[in-house]
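# Structural overview
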Amino acid sequence: MNMMTLTETSLGRALETIEAAEASIEHAWNFTQKFQGLKAVPAAIREARMLAVQFPEILRPAEQGDMFAGRICYGLVGFSPEPVGLGYYCRSDKIRDWLAEGKGSVEIRRKAKWILQYWDGKTTIQKARSAFESSTAEVLPSDNWMEEAGIAFPLYRMGGMVLDYEKLLRLGLDGMEDVAFLPDGFGDGCRMALNVLRSSIDYYASITEDAEIRSNLLAIRHDPPGTFRQAIQLFWLYALHSGTWNWGRLDDTLGPYLEADLASGIIDEDRALNLLCSLWRLMHAYNNMYNNRVIIGGMGRKNTAAADQFALLAIEATRLCKLNQPQLTLRFYEGQNPKLWDAAVTAIGEGCTFPMLYNDDVNVPAVAKAFNVPTEMAMNYMPYGCGEYVLSHYSSGTPNAIINLLKALNLTLQGGVDPESGRRYGEGPCLSELDSFDKVWDAYTDIVDKHVRAAAEAQKTIYTVTGNEAPFLFISMLTSDCLELRKGAFDGGIRYLGGTFETYGNNDTANSLHAINELVFKQEKLSLPQLVEALESNFEGHEDVQALCKAVSKYGNDEGTSDIMAQRVHDHVCNITRDQAKRVGLHNYLVVIINNWANTTLGMLTGASADGRKAGQPLANGNNPASGTDTNGITAFLNSLTRLDPCIHAGAVQNMKFSRSWFGPMRPKLEALLKTYFAQGGTQAMITVVSRDDLEAAIREPENWGHLMVRVGGFSIRFIDLDKNAQQEVLSRTLH
């Protein structure tokens, strides 16, 4: 999930000087003027014409050391599936902040004010929000999940698309035009969009001083790429124009070009590595640490030998570059080339947080069942973003809503009233009516179910509005079955129109329900009013109650009753979410149990809970135990992880923090441990190798620890770049 987009940094720089700000406003003015004149034009033609205004204007020159053209800085107004805003967007917040500074000429300020006035109510996000049914809007009253203490919130993006880049490279731009073009609005739009990309190629060729970059640009203007370097260049420029942020199986896409160039002597391995490192740096500059996924390995690849050659090079590039992007992800299975696993474990042991490890022997059959597709199609599953799954160029699955399950439980105990905000979320039973655990459970699930239904309705509405607004031409041309059906991806063109729903606080909720059941209804050590009183006071003056709550067993310790409750919470939210797809008209609608630092942000807006957690403390990270509650060792921790069914969701995050000692003489034991975990049903692992001393030193002396990388949830970041709350959350996790 994107909590910071590309423009949070790049737009800030664009507005730093009067000259830069005036240029940015002028571009926004031109874009808006053009858009205003295209109201009656078919959506595909309008999009193509607006892309021609946007590109190459927002492209940036190559920087020193770049071996490819392709840097970007989105404007204040424009068109995008995700990097800045959904569809046609206006960064009104940035413009208002700039106007408040009182800078700029009278004419430019007049234009800025007119831009704000024009786009008020006309952006795609605003149209989607206004299209919600009143019942949906009532259950999801706010979009501001980072500041308001609600239960569920809608999001707005068409991210997570993984395109068929193999098709692009095989056909080239002229071949793509031949396939796409028919004399209808959709075909005309595709042809015009491809010409926009050619214009960008011409732009870069005209400004670059690097003869090799220019030569390779001109080579791909019409024809398919003939070399590894040309293949990377065409892939990258198309990707930037598409507005996507996840790259899929690049080993299968680019591996054959690498293999051919090495075999023919066009390049050697050192040159190939330099090229890939340059691509990695461009991905890092295209700044989104929650996405930027590159997948290697796994079942279903077309040319395993060539793909493995690229995959090993990708791991080596990750080791050398030591960046938090791209998020290199290794899919593996029994019988795969063991060199990939060995290289991955070595890189992780050196302090890289990549590759992330995904177990195809479990995930492929799980995806087939969850997505209701054949096994051959399930082999196309791609982890993207923070850990969600999508079927590469066959499905969509962007999370367009989130839910805080622990907040739902707290409201259950408050009769439906949020103690943090005072807002009422329906009529819940009063405390005296909750005289059995089954009644507590039913009241909790009633609240969750209502919000799940609303989230599914919001997802379908966002698709409908977005599909009407634009076909997203660059996405649709490389998404099945859009060209065959002559429809945009989100307007009936994509084969599997799916959605996903981010859930947070799953295991805190399970621990809290388990504590309520044990302390109130089984052992009768507390009454429910006593417990609620302690929660309302944040355990101040009720430290004895908090001690009782903390003493109840917790998920993550391979302990029967607590893990069973975690399974119950997991199964409920996953199954009720999955049941919504047919009702709202989606092929699938599935939970994703992922994380960035939303667990920390949402925790700050959530009161004390019955597991002994105090108000404002972080929620558990992804599918993991709450920080510090897994006390029975690494084997128990891993056993608990395997108990949550992977066949009813679309991805879950398992973060693990290991000490460096595991990667020395103890490495055989570590590998045996991990392989046993995967053999017993473990789906994936995201591993940070670090010591507590290092983390504490980085907090004290950040200037000396810029190299220290950690997994936060579904993404990696330099530890010193986290805010203090997120640093403490990482520090509090169990170190094995």
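Residues numbered from 1 in each chain as written. Predicted model: local features only at pLDDT ≥ 70, side-chain atom pairs only at ≥ 80, totals over all residues. Heavy atoms only, no water.

## Things to note about the pairing of strand β15 (residues 588–593)
In terms of residue burial, β15 counts as a mostly covered element, since six of its six residues are buried. Here β15 shows a buried face lined by N588, L590 and V592 and a second buried face lined by Y589, V591 and I593. Sheet topology places strand β14 (residues 496–504) next to β15; five bridges connect them, and they run parallel. Each residue of the ladder has a partner; that of G499, found in β15, is Y589. (Buried < 20%, exposed > 50% of the residue type's maximum accessible area, 1.4 Å probe, protein only. Helix = DSSP H or I, 4+ residues; strand = E, 2+ residues; numbered from the N terminus. Pairing = 2+ DSSP bridges.)

## Focus: the nonpolar core
Across soluble globular proteins, nonpolar side chains have a tendency to be buried as a group. One finds Y238 and W247 to be the most contacted residues of the largest nonpolar core, which totals 245 residues. When residues in this core are grouped by element, the largest group, 15 residues, is from helix α19 (residues 437–469). The contacts of W247, once residues within four sequence positions are left out, are V162, Y165, F235, W236, A239, M283, Y286, N292, R293 and V294. (Core = buried A, V, L, I, M, F, W, Y, C linked by side-chain atoms within 4.5 Å. Contact = heavy atoms within 4.5 Å.)

## Looking at the sheet that holds strand β18 (residues 684–689)
Across the sheet, which stays open at both edges, the six strands sit in the order β6-β7-β8-β9-β18-β17 with mixed pairing between neighbours. Every interior strand has two partners, whereas the edge strands, β6 (248–249) and β17 (655–658), have only one. Where strand β7 (residues 293–297) lies against strand β8 (residues 327–332), five bridges are found, and the strand directions are parallel. Counted as the bridge partner of R293 is Q327 from β8. Packed onto the sheet, helix α15 (residues 338–349) meets β7, β8, β9 (356–359) and β18 and runs at close to 140° relative to β8. (Axes fitted to C-alpha atoms, helices over the stretch in contact; angles between N-to-C directions.)

## Section: unusual backbone geometry
With an omega dihedral of 0°, the bond running from F55 to P56 counts as a cis peptide bond. One can find P56 in the loop between α3 (43–54) and β1 (59–60). With an omega dihedral of 10°, the bond running from S480 to D481 counts as a cis peptide bond. Its identity is not glycine, yet K322 carries a phi of approximately 50°, on the positive side. Assignment of secondary structure puts K322 in the loop between α14 (304–321) and β8. Backbone geometry at N372 places phi at a positive 60°, although glycine is not the residue there. Within the element layout of this structure, N372 appears in the loop between α16 (360–371) and α17 (375–378). On the accessibility criterion, N372 (64% relative accessible area) is exposed.

## Some points on α14
Between the first and last C-alpha of α14 there are 25 Å, a value that for 18 residues agrees with the 26 Å anticipated at 1.5 Å per step. Turning to α14, its buried residues are A306, A307, D308, F310, A311, L313, A314, I315, A317, T318 and C321. At its buried positions, α14 is contacted by α11 (228–242), α12 (250–264), α13 (269–285), β7, β8 and α15. Positive backbone phi, approximately 50°, marks K322, located one or two places after α14. (Expected span 1.5 Å × (residues − 1).)

## Some details on the pairing of strand β3 (residues 77–80)
Residues of β3 alternate between two faces, with V77 and F79 on one and G78 and S80 on the opposite face, all of them buried. Hairpin connection between β3 and strand β4 (residues 87–90): a loop of six residues separates the two successive antiparallel strands.

## A word on the side chain of Q654
Looking at the element boundaries, Q654 is found in the loop between β16 (649–652) and β17. What makes Q654 buried here is its relative accessible area of 2%.

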